[in-house]
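Now for the letters of each chain:
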Amino acid sequence: MDHHNTQHSVSVAGVIIDDQGRALLTQRRDNGHWEAPGGVLERDEDVTTGLLREIHEETGLTVEPIALTGVYKNMPRGIVALVFRCKAVGGHLAKTDETRAFRWVTADKVQELASEAFAIRVLDAMRHDQPPAVRHHDGTHLLGTPQPHE
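## As for the side chain of R121
And step 1. Examined against the element boundaries, R121 turns out to sit in helix α3 (residues 116–126).
And step 2. Buried charge without a partner: R121 forms no salt bridge, and the closest opposite charge is E35, 5.9 Å away.

Now the structure itself:
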């Protein structure tokens, strides 16, 4: 058995919600996709440190994590993503090597801009009254059965 294929990569992402209840989406320079800011957790860092680092690198904002809102697995790539609702507490939006644009969006706009697999992370984070979602996808589309509470 190929040992390498049994390993997972872990990523973290933050859905930053503003006072109007809108979420921040970033547009990636590499593929033009709109998604919540985040990236791969480094081996030697804890989850919160990695989350704060990735968000700051991609947006220029300093955030405070409020709640874990979902756990998502990209099945073909073996990436497990932990997504957190966050609020901005400092810094200011600045384009970076990785990010070419920002938008504060409502839930319906999220579905227009982002693919299903990435839109659902933001929509899950925008719901305040539910336990964290657990979902899996193929990189674009959700797979499998919906959760019991949906």
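## Re the pattern of salt bridges
And step 1. The tally for this structure, following the rule as stated, stands at 10 salt bridges.
And step 2. With its nearest N and O atoms 3.8 Å apart, the salt bridge here joins R53 to E42. In this pair, R53 is assigned in helix α1 (residues 47–59) and E42 in the loop between β4 (38–40) and α1, connecting sequence segments 11 residues apart.
And step 3. Look at E42 and you get partly exposed, because its relative accessible area is 42%.
And step 4. Ionic pairing is found between E112 and K109, a salt bridge with its closest N-O pair at 3.1 Å. Here E112 pairs with K109, and both are found in helix α2 (residues 107–113), just 3 residues apart, close to one helical turn.
And step 5. Residue class for E112 comes out exposed when judged on its relative accessible area of 59%.
And step 6. Each of E42, E45, R53, E54 and E57 takes part in one network of salt bridges that share partners.

## Looking at the nonpolar core
And step 1. Counting residues in hydrophobic clusters, the biggest one holds 21 residues, and the most contacted among them are V15, A23, Y72, V110, V122 and M126.
And step 2. Of all the elements in the fold, those that place two or more residues in this core are β1 (9–16), β2 (23–28), β6 (79–91), β7 (99–105) and α3.
And step 3. Element by element, the count of residues in this core is highest for α3, at 6 residues.
And step 4. If sequence neighbours within four positions are ignored, A23 has contacts with V15, I16, I17, R103, W104, V105, V122 and M126.
And step 5. In terms of nonpolar packing, the next biggest core, distinct from the first, is built from 12 residues, I16, V63, C86 and F102 among them.

## Quick notes on the side chain of E54
And step 1. In this fold, E54 is placed in helix α1.
And step 2. Judged by its relative accessible area of 8%, E54 is buried.
And step 3. Side chain to side chain, E54 and R53 meet in a polar contact 3.2 Å long.
And step 4. For E54, the residues in contact, after removing those within four places along its chain, are G38, G39 and V40.

Rules of the game
- Residues numbered from 1 in each chain as written.
- Predicted model: local features only at pLDDT ≥ 70, side-chain atom pairs only at ≥ 80, totals over all residues.
- Heavy atoms only, no water.
- Helix = DSSP H or I, 4+ residues; strand = E, 2+ residues; numbered from the N terminus.
- Buried < 20%, exposed > 50% of the residue type's maximum accessible area, 1.4 Å probe, protein only.
- Lys, Arg positive; Asp, Glu negative; His and termini not counted.
- Salt bridge = Lys/Arg side-chain N within 4 Å of Asp/Glu carboxyl O.
- Core = buried A, V, L, I, M, F, W, Y, C linked by side-chain atoms within 4.5 Å.
- Contact = heavy atoms within 4.5 Å.
- Polar contact = N/O pair within 3.5 Å; in protein donor to acceptor, adjacent residues only side chain to side chain.

Any link to function would need more than the numbers given here.
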